Each structure stands twice: as C-alpha cells, then as structure tokens.
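Descriptive structure summary
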Amino acid sequence: MDTRQSRRPYKTVKNFLTLSKTDTMQSHNFFQSTVRKNLNETVYWNKIFQAVLLWKNYRWVIKEQKRGPFVFKWFQILGVEFGADLWNLKKLRQELTELKKKLASDRKCLFLQLWIIDPIATFPSEQIKEEQFSETIKKLRCEVEKNITQKLHFLVAFRENLPPSTIVLDLSKSIEQLEAGMNQSCRQRVRKASKHNLFFSIAQKDERDIFYDKWKEISLEKWFHIMGKKTYQKFKEYVVENQIWDLFLAKKWEEIVAGTICIKDHSSLIYLYGAADRHYWNIWGHQFLLHEITKRAKENGYWFFDLFGGAPTGFPDHSLATVSSFKESFGGTKIEYSGSYDLVFNRFLYLVFKLLRVARIPFRFNLKIFTGLQTFGTVEKILERIISFFWKR
C-alpha cells in the first residue's frame, strides 16, 4: 500500500489520495465517459440527466423496477469523485441537501444511489496473501464507510451497483515482467494451457452469437446474471459500428473454451464480461485467454489492462471473492474504491423495496412469506394501502 497513507485515512488531501503512479489509472473516469453515456442511451435505453456536485458535472440516470402493482424508481450516479472535497463537509452537505430536495420532488423516486470511486488504497495484488495486510485493508474500508455514513448521512447500499475494487495491469512493463508478477499457480496454468492445442482469436461475425449462447448456458449453470439477448444484440451493433470493442476467444479446435468482451476506452482496455466453459476447466482456457489479451493490448499501444471487478480485500465470503482471486493471480495493482451508498428520500418505501428486491421473488409470494397463508388476502390489502399512502404523499 502507498507509504504516504497515514493511520487516520480520509482526514487530509494527502491521506485521501493514496495513489502515486496509479494516478494515471484513475485519471479517466469510464463511467462518466462519452462511451458509457452512449451505451446507456443507445443500448440500455436510459435517459441521461445532468447534475452538479462539488463543482463537477455528472451524468445520471433513473432506474426502475416493478414489484407487484408498484414501480419503484431511484436515481443512480456512477463514478462519483469527491477527492479531497469529500471533507469540505459544509459545502458538500449543502449541495447534497439541495440535490435531495430537487430529486425528491419526483415522489416515486425513493433514493439516490452513488458509486464513489475515490480510492481507499492501492497496492500490489500479491500483498493480499498476507493475512495481517488484508485485515488492515478491511479495517480501513470499515472506517471509511463509517465516516461517510455518519458525516454525510448516507446508507451503505444494500446492493452493490458495481464492484468495490478492480485489478489493473500496467502494460508499460515488459511481457517478462508481467509474467513474473503472476503468482506461481497462474504462471504454471498458462504454460500448461499452451500444451492443450488452444489458440487465441478475435471472434468473427457468426461466432458472436455462438459465444452469447454459451455465455447464457454458463450463467445458468453458475447462477449469475447476464444481459438479455435483445440487449446483447443492441450492444453488439453499437460497439461493432463504433469499433470500441473486441470479443476475444480461446478455442480448442473449433470449440469455444473461454471468451472475454473488452471495451476500448482511451489508453485502457477494459475487461467488461467474461466466461469460461466449465467442461474444459482442467485445460486453463481462461488463464490462457487473459494472458494472450494482455500481450495483444500491449502490442496495440494500450497503457493499462483493467480487469474490472473484484471483491473488497479482507471479505472472503463476498460474492466476487472467487472471481477476484482469479484476477489477482495475474498480479498488477489492486485499487479499492470507496464503494456504493444510498441517499434515501423515503425510508419506509426504501425498506419495502429493499426487502422485495433482495428476495428476488414475485411480490405476492414475498407477502406470503411475511404474513402466512391464512391471512394473506387481508394483510396484502393492508400493506398495499400503507404503501399507496406513502406513495401519494
């Protein structure tokens, strides 16, 4: 971890900004970039709005989700950078109060969701192996969360809208240096994979849909969510037309073993989505693929390869822990973001929405869980009336 970081984080400009060389990694904000804006408008059909927070312009969207007879809405700003101004509390509180008044005028929007990307700490991924170090980073994150929630009256988001960390490979290093940065197991798997007749390629037109079908199959097996087929088609059309992506494949003969969708954004190549066929787990296709992508990115003049998406250090039970461990095995620098927070407008409806969303099951079935089958009809009507009362206020 950067030696400039003090024991009392987030108190001064110097302590808050813990990056040195990795300042460059953070200098371009992908989630407030034109690429992301166009993806939101063209692919995800999200209307873009503008907001000013601490002298910076941010693009934000309105998200919504239907549960039973109700449509829950919330505002979302990704890629918020407070920097040292996070502790200009008087100014920040004033702006948040004004923003809250403005946004809360839409009675059906329950909260403002922020993903703050100011780094808590950055460090070589290999340090995570040290138990004491991981515990230090965990305590640091907990202290940062406590500071933000107490001083700004945010709630830690009940559901992370984006991963709380990332792993970035510095492509200014030689291939030999990058390989030396991998852990021993990863190096061995990359070497073994090359002996299994795997080859690297960029997907052709017909292979893009073949990959999606395999990706969907893998998601059902491993219980993770991916974009729908229609959204994928829109995504594919946009990124192909604008030449901002590549779908990289690892293949054994003609069979796709692993695939990775990468977005090109300025000096960085960003790993956006990836999947590996579990039937070929023992030939290490995904390790082989990421190593080949790293070499290709370096050859094409990219400065960084952002593996995008890791678990917070010190939380082994996090849903991204396995994915994070895989990415950390390639070495590089891990950046711990401040994380996701909610600024709540209506606490009662927020709680209702939280319960229904976390459960991820139909509205009526959720009510059955809480009320019991005997009194379901009566209690359902009572709850609907209560929610409707708060909804109209």
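Each residue is numbered by its place in its chain's sequence as written, counting from 1. With the structure being a predicted model, the display of local features is reserved for residues of pLDDT at least 70 and the display and counting of side-chain atom pairs for 80 or more, all residues being used for whole-chain, interface and lining totals. Each side-chain value is derived from all of the structure's non-hydrogen atoms; neither hydrogens nor water enter the calculation.

**Section: unusual backbone geometry**
The phi dihedral of N197 falls on the positive side, at around 60 degrees, and the residue is not glycine. In this text, helices come from DSSP runs of H or I with a minimum length of four residues, and strands from runs of E with a minimum of two, each type numbered from the N-terminal end. The residue N197 is located in the loop between α7 (184-193) and β7 (198-202) in this model. What makes N197 exposed here is its relative accessible area of 51%. Unusually for a residue other than glycine, F308 sits at a positive phi of about 45 degrees. Per-residue accessibility, obtained with a 1.4 Å probe over protein chains only, is compared with the maximum for each type, and a residue is labelled buried under 20%, exposed over 50%, and partly exposed between these values.

**Details of the packing of aromatic side chains**
Pairing of aromatic side chains here covers Phe, Tyr and the six-membered ring of Trp, requires ring centres within 6.5 Å, and sorts the geometry by plane angle: under 30 degrees stacked, over 60 edge-to-face, intermediate tilted. Going through the model one piece at a time under the given rule, you end up with 27 aromatic pairs. When the ring of F30 is compared with that of F31, the centres are 5.1 Å apart and the planes differ by 75 degrees; the resulting orientation is edge-to-face. An identical accessibility class is assigned to F30 and F31; each is buried. Taken together through their ring pairs, the aromatic side chains of F211, Y212, W215, Y232, F235, W245 and Y273 make up a single cluster. Two limits define a charge over a ring: the Lys NZ or Arg CZ must be within 6 Å of the ring centre, and within 35 degrees of the ring normal. Sitting over the ring of W284, R189 keeps its end group 4.3 Å from the ring centre.

**Description of the pairing of strand β4 (residues 109-124)**
Counting buried positions along β4 yields 15 of 16 residues, so the element is predominantly enclosed. Note on pairing: DSSP must find at least two bridges between two strands before they are called paired. Relative to β4, strand β3 (residues 70-80) runs parallel, the two being bridged by six bridges. Bridge pairing links V80 to I116 in β4. The sheet contact formed by β4 and strand β12 (residues 333-344) spans 11 bridges and is antiparallel.

**A closer look at the environment of L171**
Its place among the elements puts L171 in the loop between β6 (165-170) and α6 (175-181). The sequence separation of L171 and F304 amounts to 133 residues, and the corresponding C-alpha distance is 5.3 Å. Should any heavy atoms of two residues lie within 4.5 Å, those residues are counted as being in contact. In this structure L171 touches L178, T294, A297, K298, Y302, W303, F304 and F305, once residues within four positions along its chain are discounted.

**Observations concerning the pairing of β12**
Across the 12 residues of β12, 12 count as buried, placing the element largely inside the fold. Examined bridge by bridge, strand β5 (residues 155-156) and β12 share two bridges and lie antiparallel to one another. If you follow V156 over to β12, its bridge partner there is Y341. Pairing of β6 with β12 involves four bridges; the strand directions are antiparallel. When the sheet's bridge partners are listed, V168 is paired in β12 with T333.

**What about the side chain of K251?**
Its place among the elements puts K251 in strand β8 (residues 245-252). Judged by its relative accessible area of 5%, K251 is buried. The definition of a polar contact used here is a pair of N or O atoms within 3.5 Å, where within protein one atom must be able to donate a hydrogen and the other to accept one, and adjacent residues in sequence count solely through side-chain atom pairs. Within polar-contact distance, the side chain of K251 engages the side chain of E207 at 2.4 Å. In this structure, K251 is in contact with N197, L198, F199, S201, E207, I256 and V257, ignoring residues within four places of it in sequence.

**Considering the nonpolar core**
Take the buried Ala, Val, Leu, Ile, Met, Phe, Trp, Tyr and Cys residues and link them wherever side-chain atoms come within 4.5 Å; each set so joined is a nonpolar core. Formed by 35 residues in total, the largest nonpolar core has its most connected members in W215, Y232 and F235. Elements supplying a minimum of two residues to this core: α3 (34-42), β4, α8 (205-222), α9 (229-241), β8, β9 (255-265), β10 (268-276) and β12. Residue contacts for W215: discarding those within four places in its chain leaves F224, I226, M227, Y232, I261, Y273, G274 and A275. In this structure, Y58, F75, I77 and Y341 belong to the second largest nonpolar core, which totals 31 residues.

**A short note on helix α11 (residues 321-328)**
Turning to α11, its buried residues are A321, S324, F326, K327 and E328. Taken together, the buried residues of α11 touch β6, β10, α10 (285-299) and β12.

**Here's the deal with the pattern of salt bridges**
Any Lys or Arg side-chain nitrogen found within 4 Å of a carboxyl oxygen on Asp or Glu counts as a salt bridge. Under the definition given, this model contains 12 salt bridges. One salt bridge connects K214 with D277, and the closest N-O pair in it is separated by 2.7 Å. Within this pair, whereas K214 is found in helix α8, its partner D277 is found in the loop between β10 and α10, the two being separated by 63 residues in sequence. What makes K214 buried here is its relative accessible area of 13%. Overall, the relative accessible area of 8% leaves D277 in the buried class. Its salt-bridge partner being E336, residue K334 comes within 3.7 Å of it at the nearest N-O pair. Of the two residues, K334 and E336, both sit in the buried class. It is possible to trace a salt-bridge network through shared partners that takes in R141, E328, K334 and E336.

**A few points about the packing of α7 against α10**
The interhelical angle for the contact between α7 and α10, taken along N-to-C directions, is 95 degrees, at an axis separation of 8 Å. One finds that α7 runs roughly perpendicular with respect to α10. The residues of α10 that touch α7, namely those facing C186, R189, V190 and A193, are Q287, F288 and H291. Here the nonpolar group is Ala, Val, Leu, Ile, Met, Phe, Trp, Tyr, Cys and Pro; Asp, Glu, Lys and Arg are the charged ones; every other residue, Gly included, is treated as polar. Looking at the contact of α7 with α10 residue by residue, the classes come out as four nonpolar, two polar and one charged. Comment: axis = line fitted to C-alpha atoms, over the contacting stretch for helices; angle = value between 0 and 180 degrees taken between N-to-C directions. To sort the angles, those under 35 degrees are grouped as roughly parallel, those over 145 as roughly antiparallel, those from 65 to 115 as roughly perpendicular, and the leftovers as oblique.

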